[in-house]
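# Architecture at a glance
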Amino acid sequence: MSKGFGKSQPTKLDKFIEQAVNNCRHRNPEALDKIFDNLPVELNNKVLQGLVKTLNQDIDSLSWLCGYFASEINSTSDNDKPRQPIILLSKLLMKHGMQPFIDFTPYTGCRIHIIDTDKFEALPAKVQEAINGAFDILEHSDEEARAINDAMLAEMLVD
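I will try to describe carefully the structure that is included in this document. (Residues numbered from 1 in each chain as written. Predicted model: local features only at pLDDT ≥ 70, side-chain atom pairs only at ≥ 80, totals over all residues. Heavy atoms only, no water.)

Moving on to helix 1 (residues 12-25). Since the α-helix packs 3.6 residues into each turn, any two residues three or four apart lie on the same face. Taking 1.5 Å of rise per residue, 14 residues should cover 20 Å, and helix 1 covers 20 Å from first to last C-alpha, within 8% of that figure. Buried residues along helix 1 sit in contact with helix 2 (29-37), helix 3 (41-54) and helix 4 (59-69). Phi turns positive, to about 55 degrees, at arginine 27, one or two residues after helix 1. (Helix = DSSP H or I, 4+ residues; strand = E, 2+ residues; numbered from the N terminus. Expected span 1.5 Å × (residues − 1). Contact = heavy atoms within 4.5 Å.)

Spelled out as structure tokens, the structure:
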């Protein structure tokens, strides 16, 4: 069977991104673990960038992915839990124009780090009130935030 003249074949990276997208859309954290746990850090970053870019308009899948990265979703059975605050918060932030992994980042331990505080502060007052009422908001200096991020990153990196 002909593959088509002039058509490039998908790279390994393209295949990993496609698998990750399908696993997100099918809410399969165990399959995502197999991808992210077995690739070098540089390739993981590229897969994540491609995954987020591909799911750009799919807020439901992106918010689920945030729950996965924040350890709210660890197994397929977690998909059936009735209340998933990180997923709901991520969805709310995205519906108001914030972008995951750019304006905010999910972290292990069911946390979200707001990167673009100006964008967060520009959210409608009702949205800010709802978030402040539902979540513990901690403010840190740039140095404190950097130290916390470095410590969390060190926890997530596997040699």
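In this section: the pairing of strand 2 (residues 111-114). Along any regular strand the residues' side chains alternate between the sheet's two faces. Sheet topology places strand 1 (residues 104-107) next to strand 2; four bridges connect them, and they run antiparallel. What sits directly across from proline 106, in strand 2, is isoleucine 112. (Pairing = 2+ DSSP bridges.)

On to the packing of aromatic side chains, then. The tally for this structure, following the rule as stated, stands at four aromatic pairs. Ring centres of phenylalanine 36 and phenylalanine 69 lie 5.5 Å apart, and the angle between their planes is 65 degrees; this geometry places the pair in the edge-to-face category. Of this pair, phenylalanine 36 sits in helix 2 while phenylalanine 69 is found in helix 4, placing the two residues 33 residues apart along the sequence. In terms of burial, phenylalanine 36 and phenylalanine 69 fall into one category: buried. Their ring planes at 80 degrees and their centres at 5.2 Å tell us that tyrosine 68 and phenylalanine 69 sit as a pair that is edge-to-face. Here the two residues tyrosine 68 and phenylalanine 69 agree in accessibility, since each one is buried. Here a set of aromatic residues connected by ring pairs shows up, and it is made of Phe36, Trp64, Tyr68, Phe69 and Phe101. (Phe/Tyr/Trp six-rings, centres within 6.5 Å; stacked < 30°, edge-to-face > 60°. Buried < 20%, exposed > 50% of the residue type's maximum accessible area, 1.4 Å probe, protein only.)

This next bit is on the nonpolar core. The tendency in soluble globular proteins is for nonpolar side chains to be buried side by side. By size, the foremost hydrophobic cluster in this structure holds 33 residues, and its most contacted members are Leu32, Leu51, Leu65, Tyr68 and Leu93. Of all the elements in the fold, those that place two or more residues in this core are helix 1, helix 2, helix 3, helix 4, helix 5 (85-95) and helix 7 (125-134). Those residues in contact with leucine 51 that lie beyond four places of it in its chain are Ile17, Ala20, Val21, Cys24, Phe36 and Leu65. (Core = buried A, V, L, I, M, F, W, Y, C linked by side-chain atoms within 4.5 Å.)

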